[in-house]
Amino acid sequence: MVIQKFDFPSRVRLKKPNQFKYVFDLPVRSTDRYFTVLARKNKLNFSRLGLAIAKKNVKKSTDRNKIKRMIRENFRKEQHFLGAIDFVVLTRYQTSEATMKKLEVSLEKHWQNLKIKCSSS
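In this report, we go over the structure that sits alongside the text.

## Quick notes on the overall build of the protein
- A count of helices and strands for the protein gives 3 helices and 4 strands.
- Counting helices and strands in the order they occur from the N terminus, the protein gives α-β-β-β-α-β-α.
- For the protein, the C-alpha radius of gyration of 14 Å lies close to 14 Å, the compact-globule estimate for 121 residues.
- Across its three principal directions, the C-alpha atoms of the protein cover 40 × 35 × 25 Å.
- The burial tally for the protein puts 39% of its 121 residues in the buried class.
- If you take every contact in the protein between residues at least 6 apart in sequence, the share linking residues at least 24 apart comes to 80%.
- Accessible area for the protein stands at about 7500 Å²; split by element, carbon and sulfur atoms hold 53% of it.
- A distance of 5 Å separates the average location of the 29 positive side-chain charges in the protein from that of its 10 negative side-chain charges.

## A look at the packing of aromatic side chains
- Scanning the model with the defined rule gives 3 aromatic pairs in all.
- On the basis of an interplanar angle of 65° and a centroid distance of 5.8 Å, the ring pair of Phe 75 and Trp 111 is categorised as edge-to-face. Taken together, the residues Phe 75 in helix α2 (residues 61-78) and Trp 111 in helix α3 (residues 100-120) connect sequence positions 36 residues apart. Like Phe 75, the residue Trp 111 is buried in the burial classification.
- Note on Phe 87 and Trp 111: the rings are 5.0 Å apart at their centroids and 70° apart in plane angle, and the pair reads as edge-to-face. Of this pair, Phe 87 sits in strand β4 (residues 85-91) while Trp 111 is found in helix α3, placing the two residues 24 residues apart along the sequence.
- Judged by relative accessible area, which is 0%, Phe 87 ranks as buried.

## A word on the pattern of salt bridges
- Scanning the entire structure with this criterion turns up 3 salt bridges.
- When the shortest N-O distance is used, the salt bridge between Arg 48 and Asp 86 registers 2.8 Å. Here the residue Arg 48 occupies a position in strand β3 (residues 48-52), and Asp 86 occupies one in strand β4, the gap between them amounting to 38 residues. Side by side, Arg 48 and Asp 86 carry an identical accessibility label, which is buried.
- One salt bridge connects Arg 76 with Glu 73, and the closest N-O pair in it is separated by 2.7 Å. Taken as a pair, Arg 76 and Glu 73 lie in helix α2 at a separation of 3 residues, close to a single helical turn.
- The class of Arg 76 is partly exposed, set by a relative accessible area of 22%.
- Here Glu 73 falls in the partly exposed class, since its relative accessible area comes to 33%.

Parameters and conventions
Residues numbered from 1 in each chain as written. Predicted model: local features only at pLDDT ≥ 70, side-chain atom pairs only at ≥ 80, totals over all residues. Heavy atoms only, no water. Helix = DSSP H or I, 4+ residues; strand = E, 2+ residues; numbered from the N terminus. Rg over C-alpha atoms; globule rule 2.2 N^0.38 Å. Buried < 20%, exposed > 50% of the residue type's maximum accessible area, 1.4 Å probe, protein only. Contact = heavy atoms within 4.5 Å. Areas by Shrake-Rupley, 256 points an atom, 1.4 Å probe, with all protein chains shown as cover. Lys, Arg positive; Asp, Glu negative; His and termini not counted. Charge placed at Lys NZ, Arg CZ, Asp CG, Glu CD. Phe/Tyr/Trp six-rings, centres within 6.5 Å; stacked < 30°, edge-to-face > 60°. Salt bridge = Lys/Arg side-chain N within 4 Å of Asp/Glu carboxyl O.

Function cannot be inferred from these measures alone, as they are strictly geometric.
Here it is as structure tokens:
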């Protein structure tokens, strides 16, 4: 039996501009009223996450930080089921007006949608 760790170490984060550029160059997209999530297969054995939370869309820094924490937590729980895919999550203008539960449901749909799209391409 393989035990999976559900942590969020540094290696599963997109940090450098060239890592983000890799995803932005040829992304597979999933969009709704709250998020645009870009994805692209990587050559690693695990998925990674990058965040682009715009001040233009979420005005208050406390709200931006709360949304970032929620996205990271949601990704942390799902990361072992997503495969070798890099994700970049961008917020949209209605994100700050939604409840956390709506945002979580939205993200879970994006993860599953992109997992299917990336595996077929």
